[in-house]
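# Residue-level structure breakdown
The primary structure of each chain is shown beneath.
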Amino acid sequence: MKLELVNINKSFSGKHILHDVNFSIESGRAMGFLGRNGSGKTTTIRTLMDVFKPDFGEFIIDGKKFIRENYKIGYLPEERGLYGKIKIIDQLAYLGELKRMSSKEAKKSAEYWVDYMGLSEYGNKNLETLSKGNQQKIQIIQAVIDDPDIVILDEPFSGLDPVNSQIFKDLIKELIAKNKLVIFSSHQMGYVEEFCDDITFIKNGRIIETGDLNVLKNKLGENKIRLNIKNLGPDQLERSLNENKNINISYDDKSAIIELIGNYKPMELLQDILNKDYEIDLYTKYTPSLEDIFIKLDKEYNFDNEGGNN
Ligand SMILES: Nc1ncnc2c1ncn2[C@@H]1O[C@H](COP(=O)(O)OP(=O)(O)OP(=O)(O)O)[C@@H](O)[C@H]1O
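Source: prediction; values computed, not measured. (Residues numbered from 1 in each chain as written. Predicted model: local features only at pLDDT ≥ 70, side-chain atom pairs only at ≥ 80, totals over all residues. Heavy atoms only, no water.)

### Brief notes about the packing of helix H2 (residues 88-98) against helix H4 (residues 132-144)
In contact at an axis separation of 9 Å, H2 and H4 are set at 25° when each is read in the N-to-C sense. Classified by the interaxial angle, the pair formed by H2 and H4 is roughly parallel. With respect to the hand of their crossing, H2 and H4 are arranged in right-handed fashion. Listed contacts from H4 to Ile88, Leu92 and Leu95 of H2 are Ile138, Ile141 and Gln142. Its residues assigned to classes, the contact of H2 with H4 shows five nonpolar, one polar and no charged. (Axes fitted to C-alpha atoms, helices over the stretch in contact; angles between N-to-C directions. Helix = DSSP H or I, 4+ residues; strand = E, 2+ residues; numbered from the N terminus. Parallel < 35°, antiparallel > 145°, perpendicular 65-115°, else oblique. Left-handed = near helix turned anticlockwise from the far one by under 90°. Contact = heavy atoms within 4.5 Å. Nonpolar A, V, L, I, M, F, W, Y, C, P; charged D, E, K, R; others polar.)

### A closer look at helix H1 (residues 41-48)
Counting buried residues in H1 gives seven out of eight residues, a clear majority hidden from the surface. If you check which residues of H1 are buried, you get Lys41, Thr42, Thr43, Thr44, Ile45, Thr47 and Leu48. Among the residues trailing H1, Asp50 stands out with phi positive, at a value near 65°. (Buried < 20%, exposed > 50% of the residue type's maximum accessible area, 1.4 Å probe, protein only.)

### Some details on the pattern of salt bridges
Enumeration over the complete set of coordinates arrives at 17 salt bridges. Note that Lys85 is salt-bridged to Glu128, the shortest N-O span being 3.1 Å. Residue Lys85 is found in the loop between strand S6 (73-76) and H2, and its partner Glu128 is found in the loop between helix H3 (103-116) and H4; the two are separated by 43 residues along the sequence. Given the relative accessible area of 43%, Glu128 is considered partly exposed. Across the salt bridge formed by Asp147 and Lys180, the nearest N and O atoms sit 2.9 Å from each other. (Salt bridge = Lys/Arg side-chain N within 4 Å of Asp/Glu carboxyl O.)

### So, the sheet that holds strand S11 (residues 224-229)
One open sheet holds the four strands; their spatial order is S12-S13-S11-S14, and the pairing between them is antiparallel. With partners counted over all chains shown, the strands left at the sheet margins are strand S12 (247-251) and strand S14 (280-285), one partner each. Each neighbouring strand pair of the sheet contributes to a mean axis angle of 25°, computed without reference to strand direction. Looking at chain direction, S11 and S14 are connected through five bridges and run antiparallel. Within S14, the residue paired with Asn228 across the bridge is Leu282. The sheet contacts of helix H9 (residues 266-275) involve S11, S12, strand S13 (256-260) and S14, and relative to S14 the element is tilted by about 170°. (Pairing = 2+ DSSP bridges.)

### What about the environment of Glu79?
Mapped onto the elements, Glu79 comes out in the loop between S6 and H2. Separated by 75 residues in the primary sequence, Glu79 and Asp154 place their C-alpha atoms 8.8 Å from one another.

### Some details on the environment of Asp277
Here Asp277 lies in the loop between H9 and S14. Exposure remark for Asp277: the relative accessible area of 70% places this residue in the exposed category.

### What about unusual backbone geometry?
Notably, Asp50 is not glycine yet its phi reads approximately 65°, a positive angle. In this structure Asp50 comes out as partly exposed when scored by relative accessible area, which is 33%. With a phi close to 75°, Arg100 is a non-glycine residue in the positive phi region. Locating Arg100 in the fold gives a position in the loop between H2 and H3.

If you want it as structure tokens, here you go:
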């Protein structure tokens, strides 16, 4: 399955929030949907969920108009909404029935998932008696109870301890392996990096980058070397390599990042350093982390003069 968002635009009270949002998601691959607070992620997801209509633009699935009712969609919204005073199994089974499961199927699935999440002993308790993390696990169950085709997860890890995060990570990996189409929105880059094959960045309601994460990492790491020299701090390294006009030096918290200019090759840099008799601690191809990419893209694209919505 391939779901495409084509030129999605949305305004609230005359304020243009989404500007020609275009990207696509494929099943069996997870898409990390990233952007700063207020950039338009939830608004995009809500248009997809038909919470409100876009002003214009369309959703296409496998080349045809996307009719939401024809697909099972599991949505874990950022603001959680279940009933505190209803028993967990009853509540999940009811939600399953609302998703057009038979009452028998819904109850069976509710019990399966409550057990999967290690919450069997709480099945007959009211939701409000559970800890925040366990309530979050129930919220996750409501999103997957009817074996959805499309799964949309907004900050799914919030409130989960490391053991519960691991249970949920395994569940997401299972969904991907079962060829579901997964959209994952989070500010926790580590999780996004762990699951997502594809990445879409939105800034001020505009898509500024979308595609395969590894391709993006390779592109942004092209001609860059990560370098650490024993007993040589940034200032000394800068002075030492100063006469070399074939490089630009920058730093992150781990090491120097050397950008090679023109035809200057990694082996030439290595030879030049060895000629200085330095002891090299680290010399490797630079691959930016997702956090590096996020910060770089955010700096690169500036819509402040265009009435942005941050
Ligand atoms: N119902 C609404 N009415 C008016 N403005 C809205 C509405 N929903 C969202 N907005 C505005 O749209 C912009 C984008 O908000 P949105 O919630 O989509 O951002 P987000 O990327 O999900 O942010 P966060 O990471 O903080 O959750 C914000 O300026 C917000 O104030």
